[in-house]
Amino acid sequence: MKNHVLRTLLFLLLPLMVIGVSSCDNMTGKEKDNEDPGLSVAYEKYELENGLNVVLHQDKSDPIVAVAIQYGVGSNREVKGRTGFAHLFEHMLFQESENVGQDQFFKKIQDVGGTLNGGTWTDGTVYYEVVPKNALEMVMWLESDRMGYFINTVTESAFANQQEVVQNEKRQRVDNNPYGHTNWVISKNLYPDGHPYSWQVIGELEDLQSATVEDVKEFYDKFYGPNNATLVIAGDFETQEAKDLVEKYFGEIKRRQEVEPLEVQTVTLDQTKRLYHEDNFATAPQLNMVWPAVEQFSPDAYALDFLAQILADGKKAPLYRVLVEDKELTSQPYSFNSASEIAGSFRIMITANAGVDLDDVEQGIYEAFALFEEEGVTDKDVERIKASLETDFYNGISSVLGKSFQLAQYDVFTDNPGFIEQDIENIKAVTKEDVKRVYETYIKDKPFVLTSFVPKGQIELIAENSEKAAVVEEEITENVQSEIAEAAPEEIEKTPSLIDRSVEPALGEAPSLDIPESWTAELDNQLSVYGIEHHELPLVNFSLVIEGGHLLDDLSKNGVANLMTDIMMEGTANRTPAELEEAIDLLGANINMYTTSESIVIRGNTLKRNFEETMDLVEEILLEPRWDQNELPRIKTSTINRIKRSEADPNTISSQVFNKLLYGENHPFAHPVSGTVESVEAISMEDLKSFYQKNFSPTVSNFHIVGAITKDEALAVLEDLNTRWQPKEVVIPQYELADTRDKASLYFVDVPNAKQSVIRIGYLGMPRTSEDFFPATVMNYKLGGSFSGNVNLILREEKGYTYGARTGFSGSKIPGTFSASSSVRTNATGESVEIFRNEIANYKKGISQEDLEFTKNALIKSNALRFEDQYSLLGMLQTISTYDLDPDYIEKEEEIIGNMTLEQHRELANKYLDEGRMAYLVVGDAATQFEQFQEMDFDEVKLLDKNGKEVALEEVKL
């Protein structure tokens, strides 16, 4: 992360899922002046008699409202032997409450066109919704019901189901991932036994399995009262009306147990601890070194953030120069400071190149420290980090949800929603002397925890004097079989209320569709330009999309297009790689370049006042490539490392084998964009130059821009690109694609000891340009297009076999696929495949009128949320340009949704869903799971290797 503010704004977005002065002044409208509104968010804060903190922020830019409730409870409030409760509760609170039925939280919010989720981390839990403004009262009803009228609904059966879901989340995020157990090993050894940070947020498996309903009720009574929460409402509402709703729905909820603030519990180590683990999914060794540090918002936390970036981020960073350039031990070092509520840690993480001895990596880190001590910290180092502060701030509040997160977090942790101003001042106050001081205080010659995670069977690569870590891995148990059955209803005792909470609030008038006005232009060099003015924040977001990408690869040297976007970011004709990187950083800008299956994209994000200078750099990158021969070997090594790591990832294996089965060896989509180890090794600089000369042209390119900039201003900046980038003809190749599938085939790829099976089912579908593509997408919605889809409700909510299950159509100008997918616990593999097959077959019989209305509401009303931030608008422009759509295409899609009938829905399902012709791919543990499929009703059952080639049964240990 680039700085403390960015980290605090973003870590709420990445948990385990499921600012100004205090005033009533509003930040309203999309002002057309170009003055920066200042680094603050206006708000009003007050407190209810029951202790609930309420923060209001008005923003009438779009007709939507975000609601966030953050509770002062994370895994740091748990105790040893009862871990994982905070995260388990996050799941439980989505089930039902006294007045909201089973699985209705998701369905009701989706039915009004909204979105919702929740997250838990070490220090907190947050629930949030974003809805059209007419649904604010519904959200108040829902959130207050689970705050004050929930616990009587916690039954043994409901609790057992969510225990299973959470255990599957652990299997998916931890047990089935390379290096998944690393954080567990670090926390167990960095913090003393019983310290609130000595366990993981997701908890210990044995604790989750042994928890009781009574344990849950006690935890709820202690931590989920109004006096331990902050409610934030941000968006388009009237202040007094919002206050009235808050009082109506939350005012009568009684205070619960008082929750005392946690004391700071920073730690020290008496000696260095060195541990290792043989990782079932790793293909390259990884070393971590972790030092105890300080809590969030303490003065030294800010300087440690700077130290982390100076040590590892960029070409001039000591870790990069030693480990990447000099010793060629890795392709990218990482260093970051994690400052939490009561303690912190400073971490260096190095995923080494395959076969590298981690002793060499450790020694290289010490050499990098020596280089840092010798060269010190410069004023430009500090300036470069501070330059991104303003851009990062505006990016963080570019949506009402981002604003609500920020206000809630600061209020919970500092009792001041406007702490952002002080936070920024603390960042600005960091000096180069501070950075050197915290290095001396917390890192230099101090004890640390070192972990060596190496591929299974490569113990010779661990750092010396390491002890085996006590990682506990789940054993695969016998297969389960159970019938899908309705649970018997259980009587729920209602908690008395001053209002009739059984009555769902009426919705106000839904906001009408208001598609933002866009503009287009074509430059003399045939570059097409698409733009939208969006003046709420002084930001500009842009993208240059060059058609072709992976489609233009010579399959005998697959991966050239992908390497192109790496080599072109390594300097320009007039700037070294380090100089280009520094120039971007000093503007506080972000410029990224990447390759997709059908394009090469340059994306940029910058302050409006720096847009012209940012585009100057983009022009240099695009038109004056450096072709740095010294960087090419490093880029190739980095790419090969990623390819090797992906070869052990069950999800990547599933995706690549699935594409190969459906598209066939001769189609580019059957091959990964990154290429293979062999193809990348064979690529030369001449291959890259040739690809550039043949395929980079404005004639196959579209430029998109959204932000606080007018059409005339944008075109004036693009004039240099117009005159300098000369057009030439580029032909995008067409590939024959014949769908010859005529049977139900079960394919199994063996990943020994996998704790989950990755299931992917489907066949070739249609292109995005087909007139049936969007109607088919609408048809699919209730099958598996959302949380409330049939397959998810059965496999996750009823069975507890998975963390999530989805179905959907993909497509571009080239036919895509229909696919159904999930990761399920290993011993539920066979039954889960059957459930998918049966649900697809049953879906063709038709859905109910209620389900059709739900689909229409969810898809039409959610359009109110589509135009809020610049990222969404940029995506809309890219869709328009790619498929040559009218600017009002969303309005036409609404007509398709609104006019769909039950008969049309059934016809589409029967036309595009044929479970008897689909490929059923399972990636998992063949020893325990393969044999059962030979007894199932499939036309053929085959074992494949990780490249999609058939293997004989005797080659796999069954």
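Residues numbered from 1 in each chain as written. Predicted model: local features only at pLDDT ≥ 70, side-chain atom pairs only at ≥ 80, totals over all residues. Heavy atoms only, no water.

What to know about the overall build of the protein chain
Then, number 1: Along the backbone of the protein chain there are 34 helices and 25 strands.
Then, number 2: Relative to the compact-globule value of 30 Å for 958 residues, the protein chain shows a C-alpha radius of gyration of 28 Å, a close match.
Then, number 3: With the C-alpha coordinates of the protein chain rotated into their principal frame, the extents come out at 75 × 70 × 65 Å.
Then, number 4: Taking all 958 residues of the protein chain together, the buried fraction comes to 62%.
Then, number 5: Averaging the locations of the 87 positively and 163 negatively charged side chains of the protein chain gives two centres separated by 2 Å. (Helix = DSSP H or I, 4+ residues; strand = E, 2+ residues; numbered from the N terminus. Rg over C-alpha atoms; globule rule 2.2 N^0.38 Å. Buried < 20%, exposed > 50% of the residue type's maximum accessible area, 1.4 Å probe, protein only. Lys, Arg positive; Asp, Glu negative; His and termini not counted. Charge placed at Lys NZ, Arg CZ, Asp CG, Glu CD.)

Focus on the packing of aromatic side chains
Then, number 1: Under the counting rule described, the total for this entry stands at 37 aromatic pairs.
Then, number 2: Where Trp291 meets Phe448, the ring centres are 5.4 Å apart and the plane angle is 50 degrees; that geometry is what we call tilted. Residue Trp291 is found in strand β9 (residues 286-293), and its partner Phe448 is found in the loop between α17 (432-443) and β12 (449-455); the two are separated by 157 residues along the sequence. We note that Trp291, like Phe448, is buried.
Then, number 3: Taken together through their ring pairs, the aromatic side chains of Tyr71, Phe85, Phe89, Phe94, Phe106, Tyr127, Phe150, Phe219, Tyr220, Phe223, Tyr224 and Phe787 make up a single cluster.
Then, number 4: Above the ring of Phe658, the side-chain terminus of Arg760 is found at 5.9 Å from the ring centroid.
Then, number 5: The residue whose ring lies beneath Arg837 is Tyr920, and the NZ or CZ to ring-centre distance is 5.8 Å. (Phe/Tyr/Trp six-rings, centres within 6.5 Å; stacked < 30°, edge-to-face > 60°. Lys NZ or Arg CZ within 6 Å of the ring centre and 35° of its normal.)

Observations concerning the confidence of the model for the protein chain
Then, number 1: Averaged over the protein chain, the pLDDT score is 91; the fraction of residues at 70 or greater is 94%.
Then, number 2: For the stretch residues 1-37, pLDDT sits under 50, and the model shows 134 contacts to residues farther than four places along the chain or on other chains.
Then, number 3: Overall, residues 480-486 carries pLDDT values under 50, and its contacts beyond four positions in sequence, including any with other chains, amount to 15 contacts. (pLDDT = per-residue confidence, 0-100. Contact = heavy atoms within 4.5 Å.)

Section: helix α6 (residues 182-190)
Then, number 1: The buried fraction of α6 is high, at seven of nine residues.
Then, number 2: Considering only its buried residues, α6 is in contact with β8 (273-279), β9, β11 (344-352) and β12.

Some thoughts on the pattern of salt bridges
Pairs can form between side chains of opposite charge whenever their charged atoms are close.
Then, number 1: For the structure shown, the criterion picks out 59 salt bridges.
Then, number 2: Ionic pairing is found between Lys327 and Glu367, a salt bridge with its closest N-O pair at 3.3 Å. Separated by 40 residues along the polypeptide, Lys327 in the loop between α11 (318-326) and β10 (330-339) and Glu367 in helix α12 (residues 358-375) bring together distant segments of the chain.
Then, number 3: Look at Glu367 and you get partly exposed, because its relative accessible area is 33%.
Then, number 4: Connected through shared salt-bridge partners, Lys60, Lys133, Asp236 and Glu238 make up one network. (Salt bridge = Lys/Arg side-chain N within 4 Å of Asp/Glu carboxyl O.)

Here we look at unusual backbone geometry
Then, number 1: Even without being a glycine, Asp445 presents a positive backbone phi close to 60 degrees.
Then, number 2: With respect to the helices, strands and loops of the structure, Asp445 is situated in the loop between α17 and β12.
Then, number 3: A positive phi angle is found at Asn753, which is not glycine, with a value near 65 degrees.

Overview of the sheet that holds strand β15 (residues 528-533)
Then, number 1: The strand order across the open sheet built from six strands is β14-β15-β19-β16-β18-β17, with neighbouring strands paired in mixed fashion. Sheet topology places β14 (519-522) and β17 (590-595) at the edges, where each strand pairs with a single neighbour. Each adjacent strand pair in this sheet contributes to an overall mean axis angle of 15 degrees, direction not counted.
Then, number 2: Its contacts with the sheet put helix α18 (residues 560-567) on β17 and β18 (599-607), and the angle it makes with β17 is roughly 165 degrees. (Pairing = 2+ DSSP bridges. Axes fitted to C-alpha atoms, helices over the stretch in contact; angles between N-to-C directions.)

Brief notes about the packing of helix α28 (residues 790-798) against helix α29 (residues 829-843)
Then, number 1: Packing of α28 against α29 leaves a shortest axis separation of 10 Å and a crossing angle of 150 degrees. Viewed along their axes, α28 and α29 adopt a mutual orientation that is roughly antiparallel. α28 and α29 meet at a crossing whose hand is right-handed. Note on element contacts: α29 touches α28 through Ser832, Ile835, Phe836, Glu839 and Tyr843, opposite Asn790, Val791, Ile794 and Leu795. (Parallel < 35°, antiparallel > 145°, perpendicular 65-115°, else oblique. Left-handed = near helix turned anticlockwise from the far one by under 90°.)

Details of helix α5 (residues 156-175)
Then, number 1: Between the first and last C-alpha of α5 there are 26 Å, a value that for 20 residues agrees with the 28 Å anticipated at 1.5 Å per step.
Then, number 2: The buried fraction of α5 amounts to 14 of the 20 residues, a majority that puts the element mostly inside the structure. (Expected span 1.5 Å × (residues − 1).)

Let's talk about the side chain of Thr351
Then, number 1: Structurally, Thr351 can be placed in strand β11.
Then, number 2: Take Thr351: its relative accessible area is 15%, and that puts it in the buried class.
Then, number 3: Within the structure, the side chain of Thr351 is placed 2.9 Å from the side chain of Gln286, a separation counted as a polar contact.
Then, number 4: Aside from chain neighbours lying at most four places away, what touches Thr351 is Tyr179, Pro285, Gln286, Thr330 and Arg645. (Polar contact = N/O pair within 3.5 Å; in protein donor to acceptor, adjacent residues only side chain to side chain.)

Structural notes on the sheet that holds strand β20 (residues 745-750)
Then, number 1: Spatial strand order, β22-β23-β21-β24-β20-β25: six strands in an open sheet with mixed pairing. Edge strands, defined here as strands with exactly one partner in the open sheet, are β22 (802-809) and β25 (940-944). Between one strand and the next, the sheet's axes are offset by a mean angle of 15 degrees, whatever the strand orientation.
Then, number 2: Direction of pairing for β20 relative to strand β24 (residues 919-924): parallel, over a ladder of six bridges. Bridge pairing in β24 links Val749 to Val923.
Then, number 3: Taken strand by strand, helix α34 (residues 926-933) contacts β20, β21 (756-764), β24 and β25, and its axis lies near 170 degrees from that of β20.

Thoughts on the nonpolar core
Then, number 1: Counting 81 residues, the largest nonpolar core has Leu307, Phe346, Val361 and Ile365 as the members making the most contacts within it.
Then, number 2: Here the element with the most residues in this core is helix α10 (residues 299-312); it accounts for 10 residues.
Then, number 3: Look past the residues within four positions of Ile365 in its chain and what remains in contact with it is Leu287, Met289, Leu319, Leu323, Ile348 and Ile350.
Then, number 4: By size, the runner-up hydrophobic cluster in this structure holds 59 residues, among which are Tyr71, Trp141, Ile233 and Leu245. (Core = buried A, V, L, I, M, F, W, Y, C linked by side-chain atoms within 4.5 Å.)

Section: the packing of helix α27 (residues 773-784) against α28
Then, number 1: Two elements in contact, α27 and α28, have axes separated by 4 Å at closest approach and are oriented at 15 degrees. With respect to each other, α27 and α28 are oriented roughly parallel. Contact with α27, carried on its side by Lys782, Leu783 and Gly784, involves Asn790, Val791 and Leu793 of α28 and no other residues of that element.
Then, number 2: Of the residues belonging to the contact of α27 with α28, the class tally is three nonpolar, two polar and one charged. (Nonpolar A, V, L, I, M, F, W, Y, C, P; charged D, E, K, R; others polar.)

Overview of a negative patch on the surface
Then, number 1: Together, Glu522, Asp524, Glu612, Glu613, Asp616, Glu719 and Asp720 line one region of the surface with negative charge.
Then, number 2: Among the elements of the structure, α20 (611-623) and α26 (719-724) are those that each provide at least two residues to the negative patch.
Then, number 3: Among the structural elements, Glu612 can be located in helix α20. (Patch = residues over 30% accessible without salt bridge, like charges linked within 9 Å, V, L, I, M, F, W, Y side chains within 5 Å. Areas by Shrake-Rupley, 256 points an atom, 1.4 Å probe, with all protein chains shown as cover.)

A few points about the environment of Leu262
Then, number 1: Along the polypeptide, Leu262 turns up in the loop between α9 (239-250) and β8.
Then, number 2: Separated by 44 residues in the primary sequence, Leu262 and Glu218 place their C-alpha atoms 19 Å from one another.
Then, number 3: The residues contacting Leu262, other than those within four sequence positions of it, are Asn76, Arg77, Glu341 and Ile342.

A few points about the environment of Thr239
Then, number 1: With respect to the helices, strands and loops of the structure, Thr239 is situated in helix α9.
Then, number 2: When its relative accessible area of 24% is taken as the criterion, Thr239 is described as partly exposed.
Then, number 3: Taking the C-alpha atoms as reference points, Thr239 and Gln58, separated by 181 residues in sequence, lie 7.7 Å from one another.
Then, number 4: Here Thr239 is in contact with Glu44, Leu56 and Gln58, once residues within four sequence places are set aside.

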